[in-house]
Amino acid sequence: MVCRVVVLVSGTGTLLQSLLEAGAEPGAEFLVVAVGSERADAFGLERAKRAGVPSFVVPMLTDRAEWDRRLTAATAEHHPDLIVSAGFMKLVGPAFLARFGGRFINSHPALLPSFPGMHGVRDALAAGVKVSGTTIFMVDEGVDTGRILAQRAVDVRPDDTEATLHERIKVVERELLVQVVTELAKESHV
Ligand code: GRF
């Protein structure tokens, strides 16, 4: 049985695109069955549409617990084996983690545990590190604190800006994410 993957996005969704393409390859270990977002204008939703994959939007609410329950229910409708946060910029809450903990992974554009949070690339540059990279990890209740599954390093160049460094990290991030999802998918049907 192929591993059913739901991907959550907030932005342009280039990581999502890599997963959509890899999952559509003949003999792929996984399939992206739905894409979710908290933003109706996330370009990732358009990518899902173009790939013929269903999508759902759960707009953020002032009642965060209610939002968390709605996100959990909307995700559960697609019966995922694995959920991937691919540039999803919101922290999920207890309901989501109770249901999907241990099968919800995230990708971060820095080498955790260094530079967690929203500005991993900017913070790494500001610290003057010569090497940064990407981390794929299992999401827990903390901010980028979950168990590390894989990491890959990217050299920082002297003339790097946040944008140039982030772009180079994302090239590596896309490949690593597909690799980790493939490995987890294999494990999920042994
Ligand atoms: C990635 O670098 C991810 O780690 C970060 O946001 C970026 C998403 O890029 N949280 P995209 O929207 O998939 O292009």
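My aim in this report is to walk through the structure given alongside it, one point at a time. (Residues numbered from 1 in each chain as written. Predicted model: local features only at pLDDT ≥ 70, side-chain atom pairs only at ≥ 80, totals over all residues. Heavy atoms only, no water.)

1. With respect to the overall build of the protein
For the protein, the count of helices and strands is 6 helices and 7 strands. When the helices and strands of the protein are read in sequence order from the N terminus, they spell out β-α-β-α-β-α-β-α-β-α-β-β-α. Taking 190 residues into account, the globule formula puts the C-alpha radius of gyration at 16 Å, and the protein, at 16 Å, falls close to it. The principal-axis extents of the C-alpha atoms in the protein amount to approximately 45 × 45 × 30 Å. For the protein, long-range pairs separated by at least 24 residues make up 62% of all intrachain contacts whose partners lie at least 6 apart in sequence. Surface exposure of the protein reaches about 9,400 Å², of which carbon and sulfur atoms provide 55%. Positive and negative charge centroids in the protein, built from 20 and 24 side chains respectively, lie 3 Å apart. (Helix = DSSP H or I, 4+ residues; strand = E, 2+ residues; numbered from the N terminus. Rg over C-alpha atoms; globule rule 2.2 N^0.38 Å. Contact = heavy atoms within 4.5 Å. Areas by Shrake-Rupley, 256 points an atom, 1.4 Å probe, with all protein chains shown as cover. Lys, Arg positive; Asp, Glu negative; His and termini not counted. Charge placed at Lys NZ, Arg CZ, Asp CG, Glu CD.)

2. Overview of the site of the ligand
Looking at the ligand, the residues that line it are Thr12, Gly13, Thr14, Leu15, Gly87, Met89, Ser107, His108, Pro109, His166, Lys170 and Glu173. Between the ligand and Ser107, the relevant distance is 3.1 Å, taken from an oxygen atom to a main-chain nitrogen or oxygen of the residue. For the ligand, whose accessible area on its own is 370 Å², the fraction buried by protein is 90%. Where the shell around the ligand is concerned, the elements lending two or more residues are helix 1 (14-23), strand 5 (104-108) and helix 6 (162-188). Split by residue class, the shell around the ligand holds 3 nonpolar, 7 polar and 2 charged. (Near = heavy atom within 4 Å. Polar contact = N/O pair within 3.5 Å; in protein donor to acceptor, adjacent residues only side chain to side chain. Nonpolar A, V, L, I, M, F, W, Y, C, P; charged D, E, K, R; others polar.)

3. Observations regarding the sheet that holds strand 3 (residues 55-57)
Here 7 strands make up an open sheet; going across it, the order is 3-2-1-4-5-6-7 and the pairing mixed. The open sheet terminates on both sides in strands that have one partner only, identified here as strand 3 and strand 7 (148-155). Pairs of neighbouring strands in the sheet enclose a mean axial angle of 20°, with direction left out of account. Bridge count between strand 2 (residues 30-37) and strand 3: 3 bridges; the pairing is parallel. Bridging across to strand 3, Val35 finds its partner in Ser55. Each of strand 1 (3-9), strand 2, strand 4 (82-85) and strand 5 touches helix 1; the most contacted strand, strand 2, lies at about 150° to it. (Pairing = 2+ DSSP bridges. Axes fitted to C-alpha atoms, helices over the stretch in contact; angles between N-to-C directions.)

4. Some words on the pairing of strand 1
Burial within strand 1 is extensive, with 6 of its 7 residues counted as buried. As defined by bridge partners, strand 1 adjoins strand 4 across 4 bridges and the pair is classed as parallel. If you follow Val7 over to strand 4, its bridge partner there is Val84. (Buried < 20%, exposed > 50% of the residue type's maximum accessible area, 1.4 Å probe, protein only.)

5. Quick look at unusual backbone geometry
In terms of backbone geometry, most residues other than glycine have negative phi values and most peptide bonds are trans. Pro113 follows Leu112 through a cis peptide bond whose omega is 10°. Relative to the helices and strands, Pro113 resides in the loop between strand 5 and helix 5 (120-127). If you check the backbone angles, His79 has positive phi at about 45° while not being a glycine. Its identity as a non-glycine residue notwithstanding, Phe115 has a phi of 55°, on the positive side. The topology assignment puts Phe115 in the loop between strand 5 and helix 5. You can call Phe115 partly exposed: its relative accessible area is 21%.

6. Some details on the packing of aromatic side chains
Across all of its chains, the model carries 3 aromatic pairs by this definition. Note on Trp67 and Phe88: the rings are 6.4 Å apart at their centroids and 20° apart in plane angle, and the pair reads as stacked. Of the two residues, Trp67 is situated in helix 3 (residues 64-76) and Phe88 in the loop between strand 4 and helix 4 (94-100); the sequence distance between them amounts to 21 residues. Classification of Trp67 as buried rests on a relative accessible area of 0%. One aromatic cluster is present, formed by Phe96, Phe100 and Phe104 through successive ring pairs. (Phe/Tyr/Trp six-rings, centres within 6.5 Å; stacked < 30°, edge-to-face > 60°.)

Distances and angles like these do not, on their own, reveal function.
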